[in-house]
Amino acid sequence: SKTCDEISAFMDSGIYRFENSNAVFIDPVRVLNRCYTRFRVSPSAYYSRFFESIDPNPNPKTSSNSRKRKRKDKKPHILNEREQLADQRHQVVRPSLLKAHESLMEATELLAVMRNLRSEFKYSSSVYEPSFVELGRVWQAPLYEITLHFNHHKNLDKDGVDKYSEQRLLPAFNNLVVNRTEDDVEGEFLDGRYIIPRESCFYMSDLGQIHNLIPAEPDYGFNLIVIDPPWENGSAHHKSMYPTLPNRYFLSLPIKQLTHTNGALVALWVTNREKLHAFVEKELFPSWKVTYVATIYWLKVKGDGSLISDLDLFHHRPYECLLLGYCNGEATDPKHLLRFKTLEDIQIVLSIPGDYSRKPPIGELLLESVPGLNPDRCIELFAREMMAGWHSWGNEPLHFQHSRFFLDD
Ligand code: SAM
């Protein structure tokens, strides 16, 4: 049947497409696993939150918070001008979000699979992990090295395959560390082990060094640029997770210089603050020479399919936005621009969130929406993880590559 096909496609790809809908459900663990040949991403390490059944004792603090909220709700709150704009934005997308969520709740077979997405319990969080952000700041940073353990395969005429291993010692910071092979490579850094996917590379540095990624030839530029900036936001919890930067720093990101001669699709994650939406629309995209085309909404659900918070909760929306735009290259074919015009205004991706601020891997979905932009040269800015075929830049691109996020082999 149709749903059986859909489920088995989901089991392979991690992507479930709802019929007659602009919504998909994705399992990041399955999507990421396609980046690896020998290693497997650990579902319980990825899904560290939002599986209710695993944490039967709700935090007493949270319940007192909701009591407080209820009390507050009694007073009618009059929205100021900015809040009204935010509410208008919300009302426009609300029906599509509800419809997407309904599709999920009707997909009973998918819901059954979802409950088991976090299927094993070997996760240990007590392993030592360095703070790349801290290490990159000290004067010794240029001296830190990563050792890559390559397993080469050489095809011999008769006797089959010859395997030999090779170790390479490379500077870990301010250096492009590349795995050109078609196999996963293990890296050793301080006391940790990191898994580097095939045909991928990282450049670990502060924003000040980002110009080193600008290609010498525009042909080597990127045609997919995903950006998840460390936006400032009031919460102290947020501040303790990673350093943030004031908006003006993002104005000078060299997006145009990173763009391929054939142009690039630019995908920017934004939070729900109205001020930020206005900044992107009026200042950031214009200064990058990016033209807005569409928005992907990431609707966050729990393991049982329910939304992580009430859809209409003003300050805790259960979704985030990925703004899509395009940047012309020197030789952009107008035919390519037409493709962008056919992107649907509103697309919805449902998934169960992983760690704090970790975004679902939507690269593949984005590539589908821009055929014709070949070759696929992809880069993620402010990345905390790596993907096969991608460049990752940020001050901690190895963060989620630590072996504790993978199953023991
Ligand atoms: N997309 C990522 C994910 O899914 O895990 C999350 C990215 S997080 C919003 C922003 C990242 O930018 C953090 O890793 C933070 O350490 C990094 N960052 C903050 N200030 C930076 C700077 N000055 N230079 C480079 N990276 C920086």
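Residues numbered from 1 in each chain as written. Predicted model: local features only at pLDDT ≥ 70, side-chain atom pairs only at ≥ 80, totals over all residues. Heavy atoms only, no water.

Of the residues making up helix α6 (residues 108–115), those classed as buried are L110, L111, V113 and M114. The arc that holds every buried residue of α6, seen down its axis, measures 160 degrees, which confines them to one face. (Buried < 20%, exposed > 50% of the residue type's maximum accessible area, 1.4 Å probe, protein only. Helix = DSSP H or I, 4+ residues; strand = E, 2+ residues; numbered from the N terminus. Arc of directions from axis to C-beta.)

For the structure on display, the rule yields 13 salt bridges. The closest approach of N and O atoms between R137 and E134, which form a salt bridge, is 3.5 Å. With a shortest N-O distance of 2.5 Å, E186 and R193 are connected by a salt bridge. By relative accessible area, R193 is classed as partly exposed at 31%. (Salt bridge = Lys/Arg side-chain N within 4 Å of Asp/Glu carboxyl O.)

A separate point is the packing of aromatic side chains. With the rule as written, the count across this model stands at 18 aromatic pairs. On the basis of an interplanar angle of 65 degrees and a centroid distance of 4.9 Å, the ring pair of F382 and W393 is categorised as edge-to-face. With F382 in the loop between β14 (378–381) and β15 (390–394) and W393 in strand β15, the pair connects residues that are eleven residues apart, well separated along the chain. With respect to class, F382 is no different from W393; both count as buried. Ring pairs connect the aromatic residues F132, Y144, F173, F189 and Y194, which therefore count as one cluster. Looking at K300, its charged tip hangs above the ring of W298, at a distance of 4.8 Å from the centre. A cation sits over an aromatic face here: K359 above W269, 5.8 Å from the ring centre. (Phe/Tyr/Trp six-rings, centres within 6.5 Å; stacked < 30°, edge-to-face > 60°. Lys NZ or Arg CZ within 6 Å of the ring centre and 35° of its normal.)

Another point: the site of the ligand. Neighbouring residues of the ligand: 20 residues in total, closest D206, D228, R384, N395 and E396. Between the ligand and the protein, one listed contact pairs a nitrogen atom with a side-chain N or O atom of D206 at 2.8 Å. Here the ligand, which alone exposes 600 Å², has 97% of that area covered by the protein. Among the residues making up the shell around the ligand, the classes are represented as ten nonpolar, three polar and seven charged. (Near = heavy atom within 4 Å. Polar contact = N/O pair within 3.5 Å; in protein donor to acceptor, adjacent residues only side chain to side chain. Areas by Shrake-Rupley, 256 points an atom, 1.4 Å probe, with all protein chains shown as cover. Nonpolar A, V, L, I, M, F, W, Y, C, P; charged D, E, K, R; others polar.)

With that settled, the discussion passes to the pairing of strand β2 (residues 23–26). The alternating pattern of β2 places A23 and F25 and V24 and I26 on opposite faces, both of which are buried. Bridge analysis of strand β1 (residues 15–17) against β2 gives three bridges, and the strand direction is antiparallel. Note that in β2 the partner of Y16 across the bridge is F25. Counting the residues that bridge the hairpin from β1 to β2 gives five residues, and of these N20 lies at a positive phi of roughly 45 degrees. Summarising the sheet, β2 and strand β13 (residues 346–351) pair through three bridges and their orientation is parallel. The residue of β13 that forms the bridge with F25 is L350. (Pairing = 2+ DSSP bridges.)

Here the protein shows a mean pLDDT of 87. Residues at 70 or above account for 84%. By mean pLDDT, the top-scoring element of the protein is strand β8 (residues 200–204) (98), and the lowest-scoring one is helix α4 (residues 60–74) (48). Note that pLDDT drops below 50 for residues 54–58; the model gives that stretch two contacts with residues more than four away or on any other chain. Here residues 60–69 scores under 50 on pLDDT; set against residues more than four positions off or in separate chains, the count is two contacts. Interface confidence for the predicted complex, given as ipTM, is 0.99, next to a pTM of 0.89. (pLDDT = per-residue confidence, 0-100. Contact = heavy atoms within 4.5 Å.)

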